[in-house]
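Next come the chains, spelled out residue by residue.
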Amino acid sequence: MTTVERTNGGQRWQQRKEWLIEALIRVSGISAIALIALIFIFLLREALPAFGQLGASDFTNSRWYPIEDKFGLAPLIFGTLLVTIGALIMAVPVGLTTAVYLGEFAPTWQREILKPLIEILAGIPSIVLGFLGWIALAPIVQRLGASTGLTAFTGSFILAYMALPTMISIAEDALYAVPREYRDGALAIGATRWQTTWRVVLPAARSGIVTAIMLGVGRAIGETMAVMMVTGNAANIPALAPDIFFQPVRTMTATIAAEMGEVAQGSLHYNVLFTVGIVLFVITFAINSIAASVVGRSKPRPRASL
Amino acid sequence: MLLLTLLLSGCGPAAGEAADPPGESVGQRAIQNKGSDTLVNVALAWAEAYRQVDPTVSIAVTGGGSGTGIASLINGTVDIANASRAMKPEEIESAQANGINPVEFVVAIDALAIIVHPDNPVERLTIPQLAAIYTGRITNWSQVGGNDADIILLSRESNSGTHVYFLEEVVRGGEESEQIFAPQTLFMPSSVGITSEVRRNPNAIGYDGLGYVDPEHEKILAIAEDENSPYYEPSVETASNETYPIARPLYMYTAGEPTGAIQEYLDWIRSPAGQEIVAEIGFVPIEETP
C-alpha cells in the first residue's frame with residue numbers, strides 16, 4: 001500500500017482489517033486450549049459416576065477384572081509405563097544418533113536418500129506394524145527365551161519403531177535451526193567436528209530435542225492397536241526382576257479399546273473406562289509439563305564451552 | 001477384534017439402506033444379525049446359504065461379541081442377536097425397559113476344546129485341574145504330568161461369551177464362588193489369537209470353540225468331570241450326548257416373537273438343512289425341535 005492511498009478512511013479500514021485478523025488469530029489460538037478443556041470436561045463427566053460408587057481402595061486394588069467389578073488401575077498404569085519406558089530406552093539413542101548423523105555428518109546424497117525413507121516409515125499404519133510384531137517379532141522374542149512372545153518388550157520394540165521417524169525428523173530440524181555461526185565459531189577456535197557437535201550444536205538444539213523425545217513419548221503412550229496385538233494383555237504386575245520387560249502386560253489404551261465396544265453405556269464399567277482415559281490424559285499432561293519446564297530452564301542458553 | 005461384516009444383498013436398492021427400519025420393508029427384506037464371535041462363522045454360512053432358499057431376504061451379519069449383539073438388541077438396532085451365553089437377568093430387564101421382549105432360540109451346541117501345543121506330553125485333564133491351572137494354583141506343567149515348564153494361560157477377553165462360560169463352568173466348576181482367572185492370564189482379542197499362540201508356544205494352554213480348532217496343529221485334550229469320571233474328547237457325538245463336560249448351547253435372540261422373514265429364517269436355521277451347516281462348520285447340531 002502506498003502512502004498516497006493512506007487517506008483517513010483507508011487507515012480506518014486498515015485498522016478494522018487488522019483488528020479482525022488479530023481476533024481470528026486469537027480465537028484459533030485460544031481454541032486449542034478450549035478443546036483440551038472440553039475434552040477434559042467430557043472425560044470427567046463420563047467418569048464422575050464411578051467416583052460416586054467406588055472408593056480409592058477400589059482403584060488401588062491389584063486386580064483389573066471388570067466383569068467382577070474389580071477395577072484396580074495399578075496393573076494398567078504399570079503396563080503402560082513399562083512399555084513406554086522400554087520404547088524410549090530403545091528409541092532415544094537410535095533416534096538422536098540418526099538425527100545427529102543426518103544433520104551434522106551425512107553427505108548430501110545420503111541425506112537425500114535417508115530423509116524420504118524415514119518419512120515413509122512414519123506413514124506405515126500402526127496396525128500393520130502390530131501385525132508384523134505378532135507374526136514375526138513375537139516368535140523371535142519367544143525363541144530368545146521368554147515364556148511367551150507376547151511381552152512388554154515386543155510392544156516396546158514396535159513402539160520404538162513407530163516413534164523413531166517423528167523423533168528423528170524433529171530432532172534433525174532442531175539441529176538444522178542452530179545458526180551456522182555457532183559451528184563456524186567453534187571450528188574456528190580449533191574444536192574438532194565431534195567437539196562442535198557434542199558441546200555446541202547439541203546444547204543449542206536442546207529444547208527442540210526434548211520436544212522430539214516428548215512427541216515420541218506421546219506416540220508411544222497413546223498407541224493402541226499394535227500394543228494390543230503384541231503385549232499379551234495380561235493385567236498383571238510383573239515381579240521386579242531382570243526379565244521384567246519379558247512379561248506380558250496390559251496397557252491402559254488396549255484396555256479401553258478392548259472393552260469399550262462391549263460395555264453397556266452408563267454402566268459402572270463404562271464410567272471406569274473413562275477414568276482410565278483421565279489417568280492417561282493426566283500422565284501425558286504431566287510429562288509434557290515437565291518437558292516444558294526443562295526446556296524453559298535452558299533459557300538463556302548456557303554458553304557453549306569447549 | 002473380529003468385525004467381519006458381510007452384507008449379503010441381492011443388490012436390491014433397499015438392501016443396504018440404513019434408513020430402513022430393522023425388519024421388513026417392501027420387496028427386498030433385510031435382516032440385521034449381530035453378536036457372538038463364536039457364532040459369526042456359522043451365521044455367515046447360514047446367511048449365504050439362505051440366499052438360495054429365499055433370494056428376497058438379505059441378511060447382514062456382524063461379529064463383535066455376545067455382549068455387543070445383546071446390547072444392540074436392547075437398543076433396537078438389530079433383528080437377531082447372536083450369543084454364546086444366555087442373556088443375563090439385568091439385560092432382560094433393560095430390554096423390557098426399552099419395550100423389547102427378548103425371545104430365546106437355541107441354534108447350535110458348542111463344545112469348548114482345551115488345546116495345547118502338539119509337543120506337549122499332557123493328554124488329559126480334569127475340570128478341577130483346569131480350575132487350578134486357570135486360577136494359578138497349578139503353575140507348572142509337571143504338576144499335571146507334563147514337562148518342567150511354566151504354564152502360559154490363554155483366555156479370550158472378558159467381554160466374550162466364551163470367557164464368561166469358561167469362568168462359570170470351569171474356573172468356578174459350576175458353583176457359586178469368587179474364583180477368577182489368575183492375573184498372569186493372557187487375554188487374546190480373538191479366537192484366532194488363542195489358536196495361533198498355542199501353535200507356536202509349547203507351554204501354552206487355551207480354550208476355543210470346537211469349530212475354531214484344527215486338530216492337525218493343536219492338540220485337543222480329553223476332559224473329565226473329576227478324577228473318578230471317564231475322560232472324553234470333544235466331538236459332535238460327545239457333546240450331543242452330554243458326556244463331554246464343557247459344552248454349551250449357542251443362542252439367537254429376537255425382539256419379541258419373530259414374524260415374517262425373521263421367523264422363516266429362524267425356522268430354516270433349526271431345520272435339518274440349517275443344522276447340516278452347523279455340523280460342517282464344526283459345531284454340534286441341535287436335536288430336531290418342534
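For clarity, every value in this text was computed on a predicted model and none was experimentally measured.

Asker: Could you give an account of the overall build of chain B, naming the residues involved and the relevant values?
Answerer: Counting its secondary structure elements, chain B contains nine helices and twelve strands. Out of the 290 residues belonging to chain B, those deemed buried represent 56%. Counted over contacts in chain B with a minimum sequence separation of 6, partners at least 24 positions apart contribute 73%. For chain B, the computed accessible surface area is about 11800 Å², with 49% contributed by carbon and sulfur atoms.

Asker: Break down the pattern of salt bridges for me, citing the residues and quoting the values.
Answerer: Throughout the structure, instances matching the rule amount to 17 salt bridges over all chains. Between B:Glu91 and B:Arg85 there is a salt bridge, with its nearest N and O atoms 3.1 Å apart. One exposure class covers both B:Glu91 and B:Arg85, and it is buried. We note a salt bridge from B:Arg270 to B:Asp267, for which the minimum N-O separation is 3.5 Å. Owing to a relative accessible area of 41%, B:Asp267 belongs among the partly exposed residues under this scheme. Where salt bridges share partners, they join A:Arg111, A:Lys115 and A:Glu172 into one cluster.

Asker: So, the side chain of B:Thr238: which residues are in play, and what are the values?
Answerer: Examined against the element boundaries, B:Thr238 turns out to sit in helix 7 (residues 236–240). The residues contacting B:Thr238, other than those within four sequence positions of it, are B:Tyr232, B:Glu233, B:Thr243 and B:Tyr244.

Asker: Give me the lowdown on the interface of chain B and chain A, citing residues and values where you can.
Answerer: Residue-level contacts link 30 residues of chain B with 28 residues of chain A. Where chain B meets chain A, there are two salt bridges. With a shortest N-O distance of 3.3 Å, A:Glu68 and B:Arg172 are connected by a salt bridge. Where chain B packs against chain A, one counts ten residue pairs in polar contact (both at pLDDT 80 or more). Residue classes in the side of chain B that touches chain A are distributed as 14 nonpolar, twelve polar and four charged.

Asker: Mind laying out unusual backbone geometry, listing which residues take part and the relevant values?
Answerer: All names here are of chain A. Phi angles above zero are rare outside glycine, and Asp69 is one such case at about 55 degrees. Mapped onto the elements of the fold, Asp69 is located in the loop between strand 1 (64–65) and strand 2 (70–71). Its identity is not glycine, yet Asn233 carries a phi of approximately 55 degrees, on the positive side. With respect to the helices and strands, the residue Asn233 is situated in the loop between helix 10 (225–230) and helix 11 (252–260). Asn233 gets classed as buried once you look at its relative accessible area, which sits at 2%.

Asker: Any details on the layout of surface pockets? Residues and values, ideally.
Answerer: Within this model, the largest pocket holds a volume of roughly 1400 Å³. Looking at which element gives the most residues to the lining of the largest pocket, the answer is helix 2 (residues 66–75) of chain B, with seven residues. Residue composition of the lining of the largest pocket, by class: 16 nonpolar, 14 polar and 15 charged. In this structure, the second largest pocket spans a volume of roughly 460 Å³. In terms of lining, the second largest pocket is formed by 24 residues, of which the most central are A:Ser147, A:Gln247, A:Pro248, B:Asp150 and B:Ile152. For the lining of the second largest pocket, the per-class residue count stands at 14 nonpolar, eight polar and two charged.

Asker: Could you give me a rundown of the environment of B:Leu186, with the residues and numbers involved?
Answerer: Here B:Leu186 shows up in strand 8 (residues 186–188). Along the primary structure B:Leu186 and B:Ala204 are separated by 18 residues, whereas in three dimensions their C-alpha atoms are 10.0 Å apart.

Asker: Any details on a negative patch on the surface? Residues and values, ideally.
Answerer: Residue and element names in this part refer to chain B. A cluster of acidic residues, Glu168, Glu169, Glu176 and Glu178, forms a negative patch on the protein surface. Inspection of the secondary structure puts Glu176 in the loop between helix 5 (161–171) and strand 8. The exposed category is assigned to Glu176, whose relative accessible area is 82%.

Asker: Any chance you could break down empty space enclosed by the protein for me, citing the residues and the numbers?
Answerer: Under the definition given, this model contains five cavities of 30 Å³ or more. Taken as a whole, the second largest cavity encloses approximately 60 Å³ of empty space. Surrounding the second largest cavity, A:Arg63, A:Trp64, A:Tyr65, A:Asn233, A:Ala234, A:Ala235, A:Arg250, B:Ala182, B:Pro183, B:Thr185 and B:Phe187 form its lining. Here the residues of the lining of the second largest cavity sort into seven nonpolar, two polar and two charged.

Asker: Describe the domain arrangement of chain B, listing the residues and the values that go with them.
Answerer: Residue and element names in this part refer to chain B. For chain B, the domain assignment lists domain 1 (29–109 + 249–281) and domain 2 (110–247). A salt bridge links Arg156 to Asp37, with the shortest nitrogen-to-oxygen separation between them at 3.7 Å. Inspection of the region where domain 1 meets domain 2 yields three residue pairs in polar contact (both at pLDDT 80 or more). Secondary structure elements with two or more residues in the side of domain 1 that touches domain 2: helix 1 (37–53), helix 2 and strand 5 (102–116). Element by element, the count of residues in the side of domain 1 that touches domain 2 is highest for helix 1, at four residues.

Asker: Break down helix 5 (residues 126–143) of chain A for me, citing the residues and quoting the values.
Answerer: Taking 1.5 Å of rise per residue, the 18 residues of helix 5 of chain A would be expected to cover 26 Å, and the 24 Å separating its terminal C-alpha atoms lies within 8% of that figure. The set of residues buried in helix 5 of chain A consists of A:Ser126, A:Leu129, A:Gly130, A:Gly133, A:Trp134, A:Leu137, A:Ala138, A:Pro139, A:Val141 and A:Gln142. Its buried side turned inward, helix 5 of chain A meets helix 6 (152–176), helix 9 (206–222) and helix 10 of chain A together with helix 6 (191–200) of chain B.

Asker: Residues and numbers for the packing of aromatic side chains, please.
Answerer: Within the structure shown, the criterion is met by 21 aromatic pairs over all chains. With centroids separated by 6.2 Å and ring planes inclined at 55 degrees, the aromatic side chains of A:Phe131 and A:Trp134 adopt a geometry described as tilted. Here the residue A:Phe131 and the residue A:Trp134 both occupy positions in helix 5, the gap between them amounting to three residues, near one helical turn. Judged by relative accessible area, which is 16%, A:Trp134 ranks as buried. B:Arg124 extends its terminal NZ or CZ atom over the ring of B:Tyr231, reaching a point 4.0 Å from the ring centre.

Rules of the game
- Residues numbered from 1 in each chain as written.
- Chains lettered and ligands numbered in written order.
- Predicted model: local features only at pLDDT ≥ 70, side-chain atom pairs only at ≥ 80, totals over all residues.
- Heavy atoms only, no water.
- Helix = DSSP H or I, 4+ residues; strand = E, 2+ residues; numbered from the N terminus.
- Buried < 20%, exposed > 50% of the residue type's maximum accessible area, 1.4 Å probe, protein only.
- Contact = heavy atoms within 4.5 Å.
- Areas by Shrake-Rupley, 256 points an atom, 1.4 Å probe, with all protein chains shown as cover.
- Salt bridge = Lys/Arg side-chain N within 4 Å of Asp/Glu carboxyl O.
- Polar contact = N/O pair within 3.5 Å; in protein donor to acceptor, adjacent residues only side chain to side chain.
- Nonpolar A, V, L, I, M, F, W, Y, C, P; charged D, E, K, R; others polar.
- 1 Å grid on protein atoms, 1.4 Å probe; cavity = no way out; pocket = protein on both sides within 12 Å on 5 of 7 lines; lining within 4 Å.
- Points joined across faces, edges and corners; volume = space filled by probe spheres on them.
- Patch = residues over 30% accessible without salt bridge, like charges linked within 9 Å, V, L, I, M, F, W, Y side chains within 5 Å.
- Lys, Arg positive; Asp, Glu negative; His and termini not counted.
- Charge placed at Lys NZ, Arg CZ, Asp CG, Glu CD.
- Domains from an automatic or database assignment.
- Expected span 1.5 Å × (residues − 1).
- Phe/Tyr/Trp six-rings, centres within 6.5 Å; stacked < 30°, edge-to-face > 60°.
- Lys NZ or Arg CZ within 6 Å of the ring centre and 35° of its normal.

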